Structures are given as C-alpha cells and as structure tokens.
Amino acid sequence: MRLKALLVDDEVNILKNLTAVIPWDALDIDLIGTARNGEQALEMARLKRPHLILCDIRMPVMDGIEFLGALREFDSEAEVIMMTGYQDFSYVRSVIRYEVKDYILKPIDYEELAETIKRLTLGIRERSLEQHSMQQEWKQVFHLAYEKVLYDRIIDLGGSASRPFLKLDDTESENLAFAMMLVDVADYSKRERSWDDKERKLWNFAIHNILQENLNSFEVPHSVLQVRSGEWCVLIERVPPDLYDREQCLVWAEKLRQAVESYLKLNIRIAVHPSEVSLKQLAKTYKSLQRSLNLTPTANTNVILSEKVRGNADTSQQLWDRIEEMVTGLKRCDRRRTESALKELNDSFRLLPETSFERVAPIVHYLCIHLLREMREMEVISREEEIAIWSQIDQHHGIRETLMVINRLVDQSIESVMKKKTSDVLMLSARDYIERNLSAELSIDLLAEYLGISGSYFSLLFKQHFGETFVEYVTKQRMEMAKSLLALSDKSVTLVGQMVGYAERRYFTRVFSKYTGMLPSEYRERQQNQSGAEPPAWTN
C-alpha cells in the first residue's frame, strides 16, 4: 500500500530539505505537495487526504495548532508529526488533544525523522489492513444475511424454526426488484443416482462456482442461491432507473449455460421469468419457474422463457399444485395438509376420463420424479428406499402405477417427517448451510444466529448429531473439497484455498498439510500420476 504525505512549513529551505533528504520512495510514500501555512495545507488535505502530515507549529496566516483543530473536524485518521523549535516546546501540550503521534525538534535530525516516519507508516499500514479485513468480514456477513432473507422468501416456509437475522423495511422492500432465473441440471435425478455423496457435493460446488464467477464478470449486483441439490435460483438486482431488459436476461442465461457446458461438459437448463420480480413475488415465481423446467419437454431449447402453460394448462397446473402442496406440507411437518393434498390428487385422477390418461401420463411421471427429488432433499427416505422407488418408476410409466408410487412415497415420507426431532431438523439446516457456504466465513455464532438458537446450544446439538465439533466438521468438509479440486481442476493452490474458505495460501497450506500429511502441490502431483495424467475435468 503506497501512502501519501504532506509537508507544511513556512521556511522554504526546510521544505526543500525534507523533500530531498527523506527517502520517500524507499518508504513507499508519495509526496502530494508542500504548503507554506495552515490555510494552504488545509485546502490540500481536504482535496487529497494524506495519510501522513509533517507540520511546523509557528506559521503565518494559520499556525500549526489552528490547522490541526480544523483538520480534525473532517479527518481523524491522518498521522501528524509536529516540527518545533526548543522555544516552542511549551506548545506541545496544546496539540495532545489533536492526537499528534510525535514531534521533531529543530534543527531537524533527518535520520531520526526518517526512523519516526518509518515507524508511523508501519502502524498506518497495519491499521489499514485491519480495517479492510473488518470491512470485508462485515460485507460478507451482511451479504449472507441478505441472501438468507432472499432464500427464506423463495422457499416460503412460514413455520421454519430459523428466524431471519436481517430485516428489510417496507420502503426498502418496495424498491427491490430482480431479474429471476432458475438453473437446473438436465436429468439431475438420473445423474445423481450414480454419484456418491462426495461426487454430489463436488458437482454442486463446481456448478455454483462457475455460475458465481460468470455473474461476477457481468458486473451486476446478484445472488446465487442453491435451493436444492442441482438447482440454483439466480437473482440479478434491477438498479433504478434501469428497466428490466428481457433480451439481456436471455443473453446472460445463455452465457451461464455455455460456461457450465464448456467447463464441466454438463448440460443445464435455465428458465427465465419474462418480467421483473418483487421481493413478495419470489416464492410464487420460483414455483412458476420450477413448473416451466419440469413440464417443458427436454427436446426444446435449454434456455426457456417462462410463460403460462397453454392448451392443457388447467390439468397440468392442478396436478403440479397438488404435488407442491404435499411438499410444502411435509416441509412444515403438517400431516393434515399433506394428506389433504394427496387425497385431492387421487380424486382428480378418478374424475379424469381414461381418454386423457395417455396425455397426462408423462406429466405425472415428471411430477413423481420432482416429488422424489424433494424427498431426497429433505432426507425423509433412505438411499436404499430411493433405489427401490427408482426401479418402480423406471419399470412403469402408466398413470395408475405412477400414482401408486406417489401414494406410497408420500405415506412413507409423512411417517419419516413426523419422527424427526426439532434438533435433527436444525442440524440438517446447519449442514445444508455449511455445504452451500464453504468458501465463506463460517462460525458457531453465525450458524447459531442463522438457526435462531444460542451458540452454546448449537455447539451441543452439533457435537451430538455429527460426533465431532463444529470446527472439526467444517475443516474436514473444506479439506475434502480441496482434495477434489486439486485432483480434478487446474486451478492454482491459492485459488483452491480461497474457494474453500482460506484467504491466505500459507494458512491453507498449513491446514491441508496437517490434514493430509502432504503439501497441496504434492497431493495434486500424486493424484495426477495415479490417474495417468488425465486432463482435469474442471478448468477455466
């Protein structure tokens, strides 16, 4: 960090000596100017905001003490060294209240002055770094809190155990508007069946980061919220007076799709809402975009402009609404709501003429897959149960068989949901939050605040549920993700560390070495040798 300095003295020779003798460049300091009195110095200080000021006390027009008083009215950070003769030493007491860091007696010992400047600039830089770090931390905490509000609005679970730790007032909420997209991996349910938990996390992590990196390049305020495994809601803030630009949104969506396909060889589908969305409309619009992705044939374009379903819209809309009502009921542990929605779904099929079965069967099949995916996300079915259900879905595409699968799935899920303890639900939320924010600052206080419980209670529940402390668990998740990134990508060690939450390469290397017994570069080299030096799966 290069600093700025201002010299103030009414004696021209002293100004010349200070300019020439002090090794400003070696100290990484730029001289922004010289002033012959306090009035001139004040004007320069207002305009250029120096970090360091060397100032004489006795000067015409405005002396050093008067200058300091005026300076501190608008700048409390600049470091000041007063220069004074022996006869003016009594003035030193009067400048203490202006937080003068040091003084130099005339005639000036320039070596002593250079050492004093060096010491003060070291303190300035350390303080600047600390302030910058704090600003970044607060910015990150605020953004996480802001995204939590958006996430809660999208999933719209009024009975959630967590409470928002950032509230947007009515005025601010009214002015918020977004371009909204829903990103989903094509045939995700089928792909996920072949992945173990580690692979699932890596794929989701990689897609999220590619979306984030490309949105950053668009230079627009945005949030990328993972709503469930393989699915992300992208919100781009509309900044007044800019109007919603549908064509621009479609261009952005296509760039995101191409980026994921290029880096991961993975096909994604994106639904774009045709108009801007307010904060209050997030949940409704999310469901609308989900419906568009699920009920639009995969043969169509991979970037979809979400519109009302035409032709058979009434039937498909009703079926979708029943499934969504069941999902919402399960998420809220509301047995009556879930069973009522299931009954309405069954009744609607009884009233449906058999001539419509062939047309409706594919829709019901998509709905069944959607419901199964939601159940997996809520962890109300085991892996073995899921495989058995998939076997039934793959074998039977008829409407009656698929409806039987849905009934069994919901009945089974109701019992599983009702058995879950509040503590289990809280810890599942904590685990999901950690997975989605591995690259961000994570702490017990932050997670406890997110869940609406005390830090000590959170620590107790976490240790009971996961069998290890919060720090141990987060470190393990980060290190496992780092190992995968090192093995499967060509990203630098520094960038890999940043992607899993370590801003400094040195600290990341130390933690990684302790966890694996080798340096990150050594681990990458060993993995590439074992794999026959195959090209990385994720590069950019």
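Because the structure is predicted, anything quoted here is derived from the model rather than measured.

Rules used in this analysis
Residues numbered from 1 in each chain as written. Predicted model: local features only at pLDDT ≥ 70, side-chain atom pairs only at ≥ 80, totals over all residues. Heavy atoms only, no water. Helix = DSSP H or I, 4+ residues; strand = E, 2+ residues; numbered from the N terminus. Buried < 20%, exposed > 50% of the residue type's maximum accessible area, 1.4 Å probe, protein only. Contact = heavy atoms within 4.5 Å. Areas by Shrake-Rupley, 256 points an atom, 1.4 Å probe, with all protein chains shown as cover. Salt bridge = Lys/Arg side-chain N within 4 Å of Asp/Glu carboxyl O. Phe/Tyr/Trp six-rings, centres within 6.5 Å; stacked < 30°, edge-to-face > 60°. Axes fitted to C-alpha atoms, helices over the stretch in contact; angles between N-to-C directions. Parallel < 35°, antiparallel > 145°, perpendicular 65-115°, else oblique. Nonpolar A, V, L, I, M, F, W, Y, C, P; charged D, E, K, R; others polar. Pairing = 2+ DSSP bridges. Patch = residues over 30% accessible without salt bridge, like charges linked within 9 Å, V, L, I, M, F, W, Y side chains within 5 Å. Lys, Arg positive; Asp, Glu negative; His and termini not counted. Charge placed at Lys NZ, Arg CZ, Asp CG, Glu CD. Expected span 1.5 Å × (residues − 1). Core = buried A, V, L, I, M, F, W, Y, C linked by side-chain atoms within 4.5 Å. Polar contact = N/O pair within 3.5 Å; in protein donor to acceptor, adjacent residues only side chain to side chain.

S.K.: Which residues make up the overall build of the protein, and what values go with them?
M.R.: In terms of regular secondary structure, the protein is built from 21 helices and 11 strands. Relative to its 540 residues, the protein shows a buried fraction of 49%. Of the contacts formed within the protein by residues at least 6 apart in sequence, a portion of 71% connects residues at least 24 apart. Summed over all atoms, the accessible surface of the protein reaches about 27,600 Å², with 49% contributed by carbon and sulfur.

S.K.: Could you give an account of unusual backbone geometry, naming the residues involved and the relevant values?
M.R.: Look at R49: it is not a glycine, yet its phi comes out positive at around 45°. Looking at the secondary structure, you find R49 in the loop between α2 (38-48) and β3 (52-56). The phi torsion at E219 lies on the positive side, around 55°, for a residue other than glycine. Secondary-structure assignment places E219 in the loop between α7 (197-218) and β7 (222-228). Among the residues examined, E219 registers a relative accessible area of 70% and is labelled exposed.

S.K.: Describe the pattern of salt bridges, and please don't skip the residues or the numbers.
M.R.: For the coordinates displayed, the defined rule picks out 22 salt bridges. D28 serves as the salt-bridge partner of R125, at 3.9 Å between the closest nitrogen and oxygen. Residue R125 is found in helix α4 (residues 110-155), and its partner D28 is found in the loop between α1 (12-21) and β2 (29-35); the two are separated by 97 residues along the sequence. Taking relative accessible area as the criterion, D28 reaches 28% and is therefore assigned partly exposed. For E79, the salt bridge is made with R127, and the minimal N-O distance between the two is 3.2 Å. Pair noted here: E79 is in strand β4 (residues 79-84) and R127 is in helix α4, with a separation of 48 residues, a long-range link.

S.K.: How would you summarise the packing of aromatic side chains if you had to cite specific residues and measurements?
M.R.: The tally for this structure, following the rule as stated, stands at 14 aromatic pairs. Seen in terms of ring centroids, F458 and F462 are 5.6 Å apart; in terms of plane orientation they differ by 45°. Their pairing is tilted. With F458 and F462 both in helix α17 (residues 455-466) and four residues apart, the pair spans about one turn of that helix. Residue F462 is classed as buried on the basis of its relative accessible area of 1%. Their ring planes at 80° and their centres at 5.3 Å tell us that F462 and Y473 sit as a pair that is edge-to-face. Residue F462 is located in helix α17, and its partner Y473 is located in helix α18 (residues 470-488); the two are separated by 11 residues in the primary sequence.

S.K.: Let's hear about the packing of α7 against α18: which residues, and what values?
M.R.: Taken N-terminus to C-terminus, the directions of α7 and α18 make an angle of 75°; their axes are 11 Å apart at the nearest point. Classified by the angle their axes make, α7 and α18 are roughly perpendicular. The residues of α18 that touch α7, namely those facing K198, K201, L202 and F205, are Q477, E480, M481, S484, L485 and L488. Here the contact of α7 with α18 is built from residues that sort into five nonpolar, two polar and three charged.

S.K.: Break down the environment of M378 for me, citing the residues and quoting the values.
M.R.: Checked against the element boundaries, M378 lands in helix α12 (residues 357-378). The contact partners of M378, leaving out residues within four places of it in the chain, are V327, L330, K331, K420 and L428.

S.K.: Quick rundown of the pairing of strand β5 (residues 102-105)? Include the residues and the values.
M.R.: Covered by surrounding structure in β5 are D102 and I104 only, the residues Y103 and L105 on the alternate face being uncovered. Across four bridges, β4 lies against β5 in parallel orientation. When the sheet's bridge partners are listed, M83 is paired in β5 with I104.

S.K.: Describe a negative patch on the surface, with residues and values.
M.R.: The grouping of D109, E111, E112 and E115 at the surface amounts to a negative patch. Summarising the element assignment, E112 is placed in helix α4. Judged by relative accessible area, E112 falls into the partly exposed class, the value being 45%.

S.K.: Now, about helix α15 (residues 422-436): what can you tell me, with residues and values included?
M.R.: With 15 residues, α15 extends 21 Å between its outermost C-alpha atoms, agreeing within 8% with the 21 Å of an ideal straight helix rising 1.5 Å per residue. If you check which residues of α15 are buried, you get L426, M427, L428, A430, Y433, I434 and R436.

S.K.: Give me the lowdown on the sheet that holds β3, citing residues and values where you can.
M.R.: What links the strands of a sheet is backbone hydrogen bonding, and the strands pair in either a parallel or an antiparallel sense. Sheet architecture is open: five strands sit in the order β2-β1-β3-β4-β5, paired in parallel fashion. Only two strands of the sheet have a single neighbouring strand rather than two, namely β2 and β5. Averaged over neighbouring strand pairs, the angle between their axes works out to 20° when direction is ignored. Note: strand β1 (residues 3-8) against β2, six bridges, orientation parallel. Counterpart to L6 in the pairing with β2 is G33.

S.K.: Account for the nonpolar core, naming residues and giving values.
M.R.: In terms of nonpolar packing, the biggest core is built from 37 residues, with F458 and F508 touching the most fellow members. Among the elements of the structure, α7, α15, α16 (444-451), α17, α18, α19 (493-499) and α20 (505-516) are those that each provide at least two residues to this core. It is α18 that contributes the most residues to this core, eight residues altogether. L342, V380, L403 and I414 belong to the second largest nonpolar core, which has 36 residues in total.

S.K.: Tell me about the side chain of E231, and name the residues and values.
M.R.: Its place among the elements puts E231 in strand β8 (residues 231-237). Only 3.2 Å separates the side chain of E231 from the side chain of Q290, close enough to count as a polar contact. Every residue in contact with E231, bar those within four places of it in the chain, is listed here: L182, V183, D184, L225, Q226, Y286, Q290 and R373.

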